Amino acid sequence: MDTRHTLRELLRQVLDLGARADTMADDTPLLGAIPELDSMAVIAVITALEEQFGVTLDDADIDGSTFATFGSLHQFVTEHLAD
């Protein structure tokens, strides 16, 4: 599974990013840089991550740094896939 591609597609759909999702690299800022990623959207993304990847995410594990960049979100997802 290409988790980066899957994550881009998930963000494209949940945030309605269109082609902007295609250019996301590890250093692409998310929280505070993408207007669509507000507090309600963060909850929608977390729910979508749990459904897409079949993981359960603990609220205590998630903070602002999780959504700092595409790379930090990808790392968070891959760490939870390994559990």
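Here is what the cut-offs are and how they apply
- Residues numbered from 1 in each chain as written.
- Predicted model: local features only at pLDDT ≥ 70, side-chain atom pairs only at ≥ 80, totals over all residues.
- Heavy atoms only, no water.
- Helix = DSSP H or I, 4+ residues; strand = E, 2+ residues; numbered from the N terminus.
- Buried < 20%, exposed > 50% of the residue type's maximum accessible area, 1.4 Å probe, protein only.
- Contact = heavy atoms within 4.5 Å.
- Expected span 1.5 Å × (residues − 1).
- Polar contact = N/O pair within 3.5 Å; in protein donor to acceptor, adjacent residues only side chain to side chain.
- Core = buried A, V, L, I, M, F, W, Y, C linked by side-chain atoms within 4.5 Å.

(A) Summary view of the environment of Pro-29. Tracing the sequence through the fold places Pro-29 in the loop between α1 (3-15) and α2 (39-53). Take Pro-29: its relative accessible area is 43%, and that puts it in the partly exposed class. Spatially, the C-alpha atom of Pro-29 lies 8.7 Å from that of Gly-71, the residues being 42 residues apart in sequence. Setting aside residues up to four positions removed in sequence, Pro-29 forms contacts with Ile-34, Ala-68 and Thr-69.

(B) Focus on α2. Here α2 contains 15 residues, and its C-alpha end-to-end distance of 21 Å stays within 8% of the 21 Å for a straight helix at 1.5 Å per residue. Where α2 is buried, its residues contact α1 and α3 (70-82). Its side-chain oxygen at 3.2 Å from the backbone nitrogen of Met-40, Asp-38 defines the N-terminal cap of α2. A positive backbone phi angle near 65° is found at Gly-54, which sits one or two residues after α2.

(C) Representation of the nonpolar core within the structure. Judged by nonpolar contacts, the single largest core of 25 residues is most densely connected at Leu-11, Leu-37, Val-45, Leu-49 and Phe-67. Put simply, the parts of the chain that give this core at least two residues each are α1, α2 and α3. Broken down by element, the residue count for this core peaks at seven residues, all from α2. Not counting the four nearest positions on each side in its chain, Leu-11 is found in contact with Asp-16, Leu-17, Met-24, Val-45, Phe-70 and Leu-73.

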